[in-house]
There are 2 protein chains.
Amino acid sequence: MLGAGSAIDPFWAIYQQHNNKEILSLLETYRIGNISPEDEVSTDDMGSPWAMEPKRHPLLKPASERPFNAEPPLTILAENFYTPNEFFYVRNHLPVPVIDVKTYELEVEIETDKAGAKSRQKALSFEDIKALPKHSVTAAIMCGGNRRSEMTEVKSVKGLSWGAGAVGNAKWSGARLRDVLLAMGVQPNENLHVILEGADLDPTSNPYGASIPLSKALDERGDVILAYEMNDKPLNRDHGFPIRVIVPGTVGARNVKWLTRIVVADHESNSHWQQNDYKGFSPSTDWDTVDFTKSPAIQAMPVTSAICTPLPGEKVKVSADGFVEVRGYAWSGGGRRIVRVDLTADKGKSWHVATLEQENEPDGRHYGWSLWTARIPVDTKLKGEEVEIWSKAVDSAYNVQPETFANIWNLRGVLSNAYHRVKILLN
Amino acid sequence: MLGAGSAIDPFWAIYQQHNNKEILSLLETYRIGNISPEDEVSTDDMGSPWAMEPKRHPLLKPASERPFNAEPPLTILAENFYTPNEFFYVRNHLPVPVIDVKTYELEVEIETDKAGAKSRQKALSFEDIKALPKHSVTAAIMCGGNRRSEMTEVKSVKGLSWGAGAVGNAKWSGARLRDVLLAMGVQPNENLHVILEGADLDPTSNPYGASIPLSKALDERGDVILAYEMNDKPLNRDHGFPIRVIVPGTVGARNVKWLTRIVVADHESNSHWQQNDYKGFSPSTDWDTVDFTKSPAIQAMPVTSAICTPLPGEKVKVSADGFVEVRGYAWSGGGRRIVRVDLTADKGKSWHVATLEQENEPDGRHYGWSLWTARIPVDTKLKGEEVEIWSKAVDSAYNVQPETFANIWNLRGVLSNAYHRVKILLN
């Protein structure tokens with residue numbers, strides 16, 4: 001298949017989500033002819049970029065196979081304060097790169113004079129990074145599109161159909177990015193950015209990339225680290241082996257995996273994912289009117305919560321004294337601690353405050369999620385009937401979730417943080 | 001009048017909001033007798049604590065006279081990016097103290113060993129503070145109860161009935177609190193607090209007080225200052241002459257006026273206003289079940305916006321091409337920049353993005369408010385009829401306002417940040 005004068009097969013080998021019947025039949029109408037067999041050049045020798053994908057836990061539910069994107073069952077998610085590594089959601093934009101830790105190198109470049117750095121270039125081996133002071137932080141990571149499937153119910157959006165499981169909470173350990181930059185003499189500057197690039201390459205050999213403000217990278221309370229451990233184990237390949245940057249409180253897309261290059265620059269990353277993807281828009285902005293330059297790249301995420309058990313449609317036993325038990329998670333970006341989760345089983349007539357399980361980290365630096373449990377009274381006359389449970393969280397800046405998806409709908413289906421509503425059957 | 005064995009007149013002289021017919025007739029039922037004239041001790045010689053109140057602009061609309069609490073007309077508010085000092089809302093908890101700048105002293109005390117300070121006590125004169133490096137910050141200050149009158153419509157709450165005008169935006173100048181603390185050798189410690197006390201005294205001679213986390217006070221990006229200027233003019237008496245602490249991004253109540261004492265301690269302020277007042281609760285928490293220890297003191301405020309013009313019920317001219325013009329403010333706490341304000345005139349069917357007027361400060365340090373203007377198309381067939389305009393703001397962490405007050409109602413009527421809805425008549 002040809003496009004713009006050259007083969008598009010390598011692109012299609014990587015972005016296999018387009019390789020479906022619907023799109024192929026759509027393309028059929030654009031066929032201008034077939035290349036005669038004697039002119040054909042085989043693309044087989046390129047090998048499949050997917051041949052070296054890691055093995056995944058069979059309970060992960062894929063949102064797409066290639067690139068691999070999958071979330072764990074919600075019940076498992078809410079059972080563990082630290083998400084077991086094999087159940088941590090996987091969000092890959094490209095094939096998983098194969099990296100030999102012995103030859104791995106992280107390049108650090110200070111591109112701009114404005115950073116005031118003494119040293120402009122540095123290469124760190126894996127051992128160099130491990131030799132720096134080790135720092136640990138508990139941080140939830142959430143995909144910008146978590147809970148997109150709920151927003152889609154209002155009107156369709158473009159993006160993987162995630163449930164509420166595109167989030168996980170782990171203890172991450174590694175070197176502070178701050179220490180690396182300060183050692184090079186980088187000075188605080190509110191106008192600079194840190195560009196982060198992975199070893200995962202698109203078909204034109206451009207890496208996955210993102211950026212964060214330099215102020216976040218240098219902030220002692222920002223806890224940005226070059227992580228080599230996840231829950232006290234070496235990173236596995238799906239989560240960025242050997243080094244992944246952890247940017248606590250910030251949307252998953254900026255927590256670049258397989259990190260190979262860091263650039264301090266006076267501009268954000270030029271990558272597709274920084275410029276034309278993870279951004280929010282007004283509900284009335286559509287693909288004809290969208291201007292990605294008009295919206296800032298998502299960094300900190302808004303407050304959210306989800307009910308993990310019971311599951312939608314589940315038959316739930318009502319206790320003898322008329323209660324049902326509900327369990328879930330809540331989180332807010334920017335280090336804002338969850339201060340309360342409210343539940344209702346009567347559409348807001350009465351609200352019940354959940355019991356929180358969370359770390360005792362200070363506000364502004366509370367990057368882990370909160371698990372919560374609540375016993376909610378229900379009308380026992382409703383046994384056998386459907387009841388809807390709503391959850392809403394409040395963070396330390398007293399931001400709350402919006403009530404519905406209609407007024408936060410956006411064409412990319414990101415920032416999908418309205419009340420979580422689950423219909424159950426009382427038993 | 002006697003209470004708990006001593007005269008309650010001094011309290012009543014100060015808290016004059018209780019001095020009304022309803023409460024007096026309620027108290028009549030508790031009368032146990034009259035003191036015979038020969039036993040009476042005159043309280044006249046105490047003088048009125050209100051005798052020395054400053055003069056205020058006649059356009060300020062009082063929510064209470066004693067203590068004086070008042071807000072400007074919304075139209076004036078939205079006309080000025082920097083709120084003129086005479087129109088800046090006034091929120092006094094007690095009578096305005098009379099302070100002689102020549103004898104004024106700010107006492108700084110490091111109460112706890114955990115601060116690691118070399119110097120434990122310091123007294124700063126007004127001239128000492130002016131001699132420190134001068135720092136300016138644009139910061140909106142908002143009362144925790146701003147827009148309480150809208151929340152009251154759901155169910156009554158306890159507190160002054162503020163409209164949407166208990167907010168103002170100014171350029172504040174003074175010394176950094178950080179510089180004072182660092183000079184005394186205070187070290188960062190996430191568990192410590194800075195207690196702030198004013199010269200305004202309650203009838204038991206306790207000062208108005210509040211506290212903020214030490215991490216905010218020491219943060220270079222926190223911009224906490226001991227302000228002596230407001231919009232380049234000396235502070236006036238209503239706004240804290242001679243020194244007021246400005247805690248950008250934080251609820252008004254922590255921006256203590258007439259500042260006379262600062263204490264670094266391992267606990268929050270014990271004051272009523274820190275412990276038992278400015279806090280949020282679940283909508284189902286009432287005065288019988290409330291436990292103030294269960295909720296954190298409000299620091300950073302949630303995202304909000306309000307329509308300042310047209311006013312409710314106003315007859316609004318529709319332009320020839322079918323538009324109405326709307327204007328207002330938006331703000332979020334914690335230094336989070338407003339990234340978008342959406343308006344609708346058809347209950348969310350279509351949303352229109354406003355044009356923002358704001359400073360170009362970096363996110364996380366964007367403490368000023370944003371004024372906004374939007375031209376919204378209306379159905380010209382509706383001329384002569386009522387149309388409701390809604391505003392909702394989005395901050396840099398992509399938090400949005402909740403849709404309605406019902407689910408954020410709280411017994412103190414604080415954090416009243418649902419969509420602003422204004423009914424107008426199309427002309």
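This one's a predicted model, so the numbers in the text were calculated from it and none came from an experiment.

1. Describing the state of the cysteines
At step 1: Within this structure, the stated rule accounts for 0 disulfides over all chains.
At step 2: For C143 of chain A, which is in no disulfide, the shortest distance to another cysteine sulfur is to C308 of chain A and amounts to 16 Å.

2. Looking at the pattern of salt bridges
At step 1: Applying the stated criterion across every chain yields a total of 46 salt bridges over all chains.
At step 2: A salt bridge links E53 of chain A to R56 of chain A, with the nearest nitrogen and oxygen atoms 2.8 Å apart. Note on accessibility: E53 of chain A and R56 of chain A belong to one class, buried.
At step 3: Between E150 of chain A and R147 of chain A there is a salt bridge, and its shortest N-O distance comes to 2.9 Å.
At step 4: In the salt-bridge network here, residues are joined through shared partners; they are R176, R221, D223 and R365 of chain A together with E190 of chain B.

3. Some details on the UniProt feature "domain: Moybdenum cofactor oxidoreductase dimerisation" (unreviewed entry) in chain A
At step 1: According to UniProt, the feature "domain: Moybdenum cofactor oxidoreductase dimerisation" (unreviewed entry) maps to residues 296-424 of chain A in the numbering used here.
At step 2: End C-alpha to end C-alpha, residues 296-424 of chain A measures 38 Å, and it is 0% helix and 40% strand.

4. Details of the relation of the copies chain A and chain B
At step 1: With an RMSD of 0.1 Å, the fit of chain A onto chain B corresponds to turning through 180° and sliding 0.0 Å along the axis. In short, the pair behaves as if placed about a two-fold rotation axis. The C-alpha atom lying nearest the rotation axis in chain A is that of P402 of chain A; the distance is 2.3 Å.
At step 2: Of all interface residues in chain A, 100% are interface residues in chain B too; the two copies therefore contact each other through one and the same surface.

5. Here we look at the interface of chain A and chain B
At step 1: Each side of the interface is counted separately: chain A has 41 residues, and chain B has 42 residues.
At step 2: Summing both sides of the interface, chain A and chain B together bury roughly 3,200 Å²; the carbon and sulfur share of this comes to 46%.
At step 3: Looking at the side of chain A facing chain B, the largest losses of area belong to Y398, E403 and N407 of chain A, adding up to 22% of the total buried there.
At step 4: The interface formed by chain A and chain B includes 4 salt bridges.
At step 5: Within the residue set of the side of chain A that touches chain B, elements represented by two or more residues are β19 (338-344) and β23 (386-395) of chain A.
At step 6: No other element matches β19 of chain A, which puts 3 residues into the side of chain A that touches chain B.

6. Overview of the sheet that holds strand β3 (residues 61-64) of chain A
At step 1: The strand order β3-β4-β5 (chain A) describes an open sheet built from 3 strands, whose pairing is antiparallel. With partners counted over all chains shown, the strands left at the sheet margins are β3 and β5 (90-91) of chain A, one partner each.

Reading the values: rules and limits
Position numbers for residues start from 1 in each chain and track the written sequence from start to end. To label them, take the chains in the order written and letter them from A, then take the ligands in the order written and number them from 1. Given that this is a predicted model, residues contribute local features only at a pLDDT of at least 70 and side-chain atom pairs are listed and counted only at 80 or more, while totals for whole chains, interfaces and linings are drawn from all residues. Remark: hydrogens and water are excluded; side-chain values derive from all non-hydrogen atoms of the structure. When two cysteine sulfur atoms are found within 2.5 Å, that pair is recorded as a disulfide. Note on definitions: salt bridges are taken to be side-chain nitrogens of Lys or Arg within 4 Å of carboxyl oxygens of Asp or Glu. Remark: exposure states derive from per-residue accessible area (1.4 Å probe, protein chains only) relative to the maximum for the residue type, with buried under 20%, exposed over 50%, and partly exposed in between. UniProt positions are given in the numbering used here, feature names are shortened, and annotations may be inferred rather than shown by experiment. Secondary structure follows DSSP: runs of H or I at least 4 residues long count as helices, runs of E at least 2 residues long count as strands, and numbering of each begins at the N terminus. Least-squares superposition of the copies uses the C-alpha atoms of those residues scoring a pLDDT of at least 70 in each of them. Throughout, a contact is declared for two residues whenever any of their heavy atoms are within 4.5 Å. A quick way to say it: buried area is the sum, across both parts, of accessible area lost when two parts are put together, with a 1.4 Å probe. Here, any two strands with at least 2 DSSP bridges between them count as paired.

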